[in-house]
Amino acid sequence: MSRAPLSSRWRYRDLPIQRKISIIIVIGMASAMIVTVANFISFDRENVKRDLGEEMRVLARITAVRSAAAVAFGDRQNARENLSALALRSTIQHACIYDEQQRLFAFFQRLENAQPVCPPLLDVADGQQKDSGQLLEVVEPIFRKGLRLGYVVVASDLSPIAERTRKWIVTSVFVTMAALLVAFLMTRRLQRSVVQPIIDLAQIMDRVRGSNNLSLRASTQGQDEVGSLVESFNDMLQIIEKNNRDLELLYRELVGKSAEAEATAASMELRNQQIRDLFGSAAHDLRQPLQAMSIFIQTLGKKVQAPDQLQIVDKLRQATQNLSSLFKEILDVSRYEFDLSVAGTQPVSIKQLVGKVFLEFEALAQEKGLELRFHSRDYRVLAHGALLERIIRNLLSNAIRYTDSGGVLLGCRRRGKRLAIEVWDTGRGIPAQKQQQIFNRYVQAHDEEREQRGGFGLGLAIVKQFVDSLGYKLTLASKEGQGTVFRLLVPLVDEPVRVRQESVQPTMPIHQDTARVMDITLERLQDQEATRILLVDDNADVRSALKLTLNEWGFEVDDFADVPTMLEFYRSGGRAPDLIISDYELGQDMTGDRAIHQARTSLRREVPAFIVTGTEDPGVWQTVQATGFTVLRKPVRPARLRALINHLLS
Amino acid sequence: MMFSLRTGLLALLLTATAIAQAPDAPRDAAEQQVRAQFVYNFANFVEWPDDAFANPEAPIKICLFGAVDFAPYLYTFAGTLIGSRPLVVAKANEIEEIKAGCHILYVGWDERVRLPTFWKEIQYIYVLSIGDRQGFADKGGIVNILRTRDRVQFDVNIENALINGLFLDSDLLALARVIKRNTRSAP
């Protein structure tokens, strides 16, 4: 241990607890024993020495008393005899008697032929005790009746003390070793009650860690600190186990739910896809006859003269229109849901956007004898243009639909960092109790009017859905019998461009009296009698219906089912058109935009053009829009078609 | 200590003068000195009962009867204290002089002819009688100082001592050459 104290101390930390406690006990006990034994031996030495001194003094005094007469009578022999009695005490090495003049009178020494050890003259005062290290010398005076007759000196060696000390040391060593052994053996058993629970605990911990089995428990054996430690550990394990179990249950439940949800989602997706496919194909198939129908009805309206028949045609047109818008509404829900997912916002000029919509509704309002007005500076908002357009379109459509007299106003004004787009009408208003439900699907303010006014209440639900998706805010204020205002809050991009409204779109005097606009439009139509339009569509029905309508509006139409025929026509000297209208899907590997390009190349002129499409496929729709041409969706409304043609030709 | 030193010096001095004054004396000075020392020592080692003294401070009286050659040496001890009692040395030539009472009676060699009647004449007790003639202790005396071949010794008649009411120290007895009893007086 003393050879390498540093390393052994270092190693001491790594020892098992039981061994540590044993070492502590052994060291503690050994040091206690050593101190005790050392103390005892030193005490014992003092005692023995004192006893020895006293014994020598007693012997010296006895000898002194006995030798008084001998000294007095000068009987040396008798004195020697007295001294030699001391030989019985083995530790006494020599003894001397001195007379009154301190001269040596008689002596005894154990080793007879050794040098005389008694000095001839005594130099020690009486009563003294001299300890020379090896010998203990005691001097006693010889008194008789108050007279000092001489001195006795007795000298003993210290061998008894050394002997005793040696004996004690040997005994102590054996006793200490025995005590340590007994203590070690005894405490070994006692230690177990302290150490064993800790060892057990450590083992349980190891097992828990190794096997990840939280149901294991350490056994408690007492109420001491170790006991409470074990209990705390068990409690902790229990808590962990419980939490683990709960977690596992929760996890399983979640996994189950997740799988369920996935399955549901998959089946839903499948269903959605099926529905979309169904819608897509159905819409494409339905659009064509519907388009044709509306054109035929219009043509029929012109051909019929009898008032009672005209009324029927009028009703027929109304029904067709309802059918068309209902159809459109239903299809829009699915289409815009897709748009929304791929939508990105960008700065949009509110004036341009509303201007486009406005044209459509101007005619519609006029038909009902309503005044439609638009009031705004050129604000730019951060929006998904198509969706915002759709929202405004819906709000306007609703306003016009539910207003029988008066007018509809579309106004924009700044509201901090946002633009409030407001649609006012002078309709019959929405009852307070209905105002909250109005955004639900299939809810209309006035149920009894559904049939009469068309629409199935999908409009506002769609609007609400878009508004929520885009993070806009739509509020509603209404007073029954007086009118309603819908207020849509859209984030602004920057300050409005401070330009006078008149100068923005001088060719589109939309802010002017709608009656006059209508007049002008009709005038223009008259003027454009000689205008030629190139129409490309592979569907014969649509082509003929469109051609009929355009003809009625006074346009000359050159229609082709495919591009080669068209190109052939112009190559052989056909009259160049002023406008190109092309269907988008023109059979295999031919699209509207390519047809237009080829026509323009052939004509060597940048003829204005737009595309008409009946596609329901969002992918195709996107591609069409990406061509850069204005696109109209089938079924094309005559008013819109007319407005666009006007716009492009001007 | 002081006292012992003084007596020692005195003894030496006296020894020297005695040798010078009496070169042809029957005993040499050293022996006389030893005899004087012996007598003095007996005063030390013999116990008298309290009845032998008038009071605790009463002196121990040594009577020298007849011719005593060491008397000058003995006188040097006169006045020394034995315990609490001073030592008194008195010389007597007539028997009347010692009738007043002695504690130690030394009978000189010249008075030995009177011995057979002597003990009848002194009828008091508590006397330690010392003599220096052959048979002194057998004839009523207690201590007989005698010279052996190389040294001065003494005999003791313990019976006579007891009769006289004296206690002899055991150590003293141990030094005696012979311890006697009165065989003839035994009935």
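Before going into details, it helps to say that this report is about the structure given with it. (Residues numbered from 1 in each chain as written. Chains lettered and ligands numbered in written order. Predicted model: local features only at pLDDT ≥ 70, side-chain atom pairs only at ≥ 80, totals over all residues. Heavy atoms only, no water.)

## A few points about unusual backbone geometry
Residue and element names in this part refer to chain A.
Then, number 1: Despite not being glycine, N212 shows a phi value in the positive range, around 60 degrees.
Then, number 2: In this fold, N212 is placed in the loop between α4 (159–211) and α5 (225–303).
Then, number 3: N212 gets classed as exposed once you look at its relative accessible area, which sits at 64%.
Then, number 4: Positive phi values are uncommon outside glycine, yet R604 reaches one of about 55 degrees.
Then, number 5: Under the relative-accessibility criterion, R604 is labelled exposed at 76%. (Helix = DSSP H or I, 4+ residues; strand = E, 2+ residues; numbered from the N terminus. Buried < 20%, exposed > 50% of the residue type's maximum accessible area, 1.4 Å probe, protein only.)

## Looking at the packing of helix α2 (residues 17–72) of chain A against helix α2 (residues 29–45) of chain B
Then, number 1: Contact geometry of α2(A) with α2(B) gives a least axis separation of 10 Å together with a crossing angle of 155 degrees. When the axis of α2(A) is compared with that of α2(B), the two are roughly antiparallel. In this structure, α2(A) uses A68(A), A69(A) and A72(A) to contact α2(B), whose residues at the interface are Q37(B), N41(B) and F45(B).
Then, number 2: Partitioned by chemical class, the residues of the contact of α2(A) with α2(B) number four nonpolar, two polar and no charged. (Axes fitted to C-alpha atoms, helices over the stretch in contact; angles between N-to-C directions. Parallel < 35°, antiparallel > 145°, perpendicular 65-115°, else oblique. Contact = heavy atoms within 4.5 Å. Nonpolar A, V, L, I, M, F, W, Y, C, P; charged D, E, K, R; others polar.)

## Details of the interface of chain B and chain A
Then, number 1: Of the residues lining the interface, 25 residues belong to chain B; the matching set on chain A comes to 19 residues.
Then, number 2: Here chain B meets chain A over a buried area of about 1,700 Å², counting both sides, of which 54% is carbon and sulfur.
Then, number 3: In this structure, R144(A) engages E47(B) in a salt bridge whose closest nitrogen and oxygen atoms are separated by 3.4 Å.
Then, number 4: Our enumeration of links across chain B and chain A arrives at seven residue pairs in polar contact (both at pLDDT 80 or more).
Then, number 5: Those elements that provide at least two residues to the side of chain B that touches chain A are α1 (2–21), α2, β1 (46–47), β3 (81–82) and α6 (170–175) of chain B.
Then, number 6: The biggest single contributor to the side of chain B that touches chain A is α2(B), with eight residues.
Then, number 7: In the side of chain B that touches chain A, the residues fall into 15 nonpolar, six polar and four charged. (Buried area = accessible area lost by both parts, 1.4 Å probe. Salt bridge = Lys/Arg side-chain N within 4 Å of Asp/Glu carboxyl O. Polar contact = N/O pair within 3.5 Å; in protein donor to acceptor, adjacent residues only side chain to side chain.)

## Brief notes about the sheet that holds strand β5 (residues 147–157) of chain A
All names here are of chain A.
Then, number 1: Across the sheet, which stays open at both edges, the five strands sit in the order β2-β1-β5-β4-β3 with antiparallel pairing between neighbours. Edge positions in the sheet fall to β2 (104–109) and β3 (129–131), since each of these pairs with one other strand and no more. Across the sheet, the axes of successive neighbouring strands diverge by a mean angle of 15 degrees, strand direction being ignored.
Then, number 2: Bridge count between strand β4 (residues 135–144) and β5: 10 bridges; the pairing is antiparallel. Each bridged residue has a counterpart across the sheet, and for L135 the counterpart in β5 is D157. (Pairing = 2+ DSSP bridges.)

## Structural notes on the side chain of T531(A)
Then, number 1: With respect to the element layout, T531(A) can be found in the loop between α12 (514–527) and β13 (532–536).
Then, number 2: In this structure T531(A) touches F555(A), E556(A), D578(A) and L649(A), once residues within four positions along its chain are discounted.

## Side note on the packing of aromatic side chains
Then, number 1: Applying the stated criterion across every chain, the model contains 15 aromatic pairs over all chains.
Then, number 2: Look at F560(A) and F569(A): their rings are 5.1 Å apart centre to centre, the planes differ by 50 degrees, and that puts the pair in the tilted class.
Then, number 3: Given the relative accessible area of 26%, F569(A) is considered partly exposed.
Then, number 4: Considering the side-chain rings of F42(B) and F154(B), the 4.9 Å spacing of their centres and the 85 degrees angle between planes classify their relative orientation as edge-to-face. On the criterion of sequence distance, the pair formed by F42(B) in helix α2 and F154(B) in strand β8 (residues 152–157) is long-range, its members being 112 residues apart. The exposure classification of F42(B) matches that of F154(B), with both residues buried.
Then, number 5: Among the aromatic residues, ring-to-ring pairing joins F73(A), F38(B), F42(B), F45(B) and F154(B) into one connected group.
Then, number 6: Over the ring of Y12(A) we find K20(A); its NZ or CZ atom is 5.8 Å from the centre of that ring.
Then, number 7: We note R633(A) situated over the ring of W621(A); from NZ or CZ to the ring centre the distance is 3.7 Å. (Phe/Tyr/Trp six-rings, centres within 6.5 Å; stacked < 30°, edge-to-face > 60°. Lys NZ or Arg CZ within 6 Å of the ring centre and 35° of its normal.)

## Things to note about a positive patch on the surface
All names here are of chain A.
Then, number 1: A contiguous patch of positive charge, built from R19, R188, R189 and R192, is present on the exposed surface.
Then, number 2: The greatest single-element share of the positive patch, amounting to three residues, is contributed by α4.
Then, number 3: Structurally, the position occupied by R192 is in helix α4.
Then, number 4: Judged by its relative accessible area of 34%, R192 falls in the partly exposed class. (Patch = residues over 30% accessible without salt bridge, like charges linked within 9 Å, V, L, I, M, F, W, Y side chains within 5 Å. Areas by Shrake-Rupley, 256 points an atom, 1.4 Å probe, with all protein chains shown as cover. Lys, Arg positive; Asp, Glu negative; His and termini not counted. Charge placed at Lys NZ, Arg CZ, Asp CG, Glu CD.)

## Notes on α2(A)
Working note: α-helix, 3.6 residues per turn, so residues spaced by three or four point in the same direction.
All names here are of chain A.
Then, number 1: Counted at 1.5 Å a residue, the expected span for α2 with its 56 residues is 82 Å, and the 80 Å between its end C-alpha atoms agrees.
Then, number 2: If you look at α2, its biggest bend is around 40 degrees, right at R66.
Then, number 3: Backbone geometry just downstream of α2 places G74 in the positive-phi region, at approximately 70 degrees. (Expected span 1.5 Å × (residues − 1). Bend = angle between axes of the 7 residues up to and from the residue.)

## Some remarks on the side chain of R543(A)
Then, number 1: Looking at the element boundaries, R543(A) is found in helix α13 (residues 540–552).
Then, number 2: If we skip the residues at most four places from it in the chain, R543(A) touches L535(A), D537(A), D538(A), D559(A), F560(A) and A561(A).

## Details of the nonpolar core
Then, number 1: Grouped together as the largest cluster of nonpolar side chains are 73 residues, with contacts concentrated most on F73(A), F42(B), W48(B), L128(B), I145(B) and F154(B).
Then, number 2: Residue contributions to this core peak at 10 residues, all from α2(A).
Then, number 3: Beyond its immediate chain neighbours, meaning those up to four positions away, L128(B) contacts F42(B), V46(B), W48(B), H103(B), I104(B), L105(B), I142(B), V143(B) and L166(B).
Then, number 4: Of all hydrophobic cores here, the second largest spans 43 residues; its members include V348(A), A365(A), F466(A) and L492(A). (Core = buried A, V, L, I, M, F, W, Y, C linked by side-chain atoms within 4.5 Å.)

## Side note on the pattern of salt bridges
Then, number 1: Taken as a whole and judged by the stated rule, the model has 35 salt bridges over all chains.
Then, number 2: Among the salt bridges present, the one from D169(B) reaches R144(A), with a minimum N-O distance of 2.8 Å. With one member in each of two chains, D169(B) in the loop between β9 (167–168) and α6 and R144(A) in strand β4 form a pair that bridges those chains. Here the two residues D169(B) and R144(A) agree in accessibility, since each one is buried.
Then, number 3: The salt bridge partner of D537(A) is K634(A), with a shortest N-O separation of 3.3 Å. Within this pair, whereas D537(A) is found in the loop between β13 and α13, its partner K634(A) is found in the loop between β17 (630–633) and α17 (638–649), the two being separated by 97 residues in sequence.
Then, number 4: You can call D537(A) buried: its relative accessible area is 2%.
Then, number 5: Each of R144(A), K145(A), E47(B) and D169(B) takes part in one network of salt bridges that share partners.

## Looking at the sheet that holds strand β9 (residues 407–415) of chain A
Residue and element names in this part refer to chain A.
Then, number 1: Spatially, β7-β9-β10-β12-β11 is the arrangement adopted by the five strands of the open sheet, whose pairing is mixed. A strand with exactly one partner marks an edge of an open sheet, and here the two such strands are β7 (371–375) and β11 (473–479). Strand-to-strand twist of the sheet, defined as the mean angle between neighbouring strand axes without regard to direction, takes the value 15 degrees.
Then, number 2: On top of the sheet, helix α7 (residues 350–368) reaches β7, β9 and β10 (418–425); it is set at about 175 degrees to β7, its chief contact.
Then, number 3: The strands touched by helix α8 (residues 385–401) are β7, β9, β10, β11 and β12 (483–491); relative to β10, the strand with the most contacts, the crossing angle is about 25 degrees.

So far we have only geometry, and geometry alone does not tell us how the molecule works.
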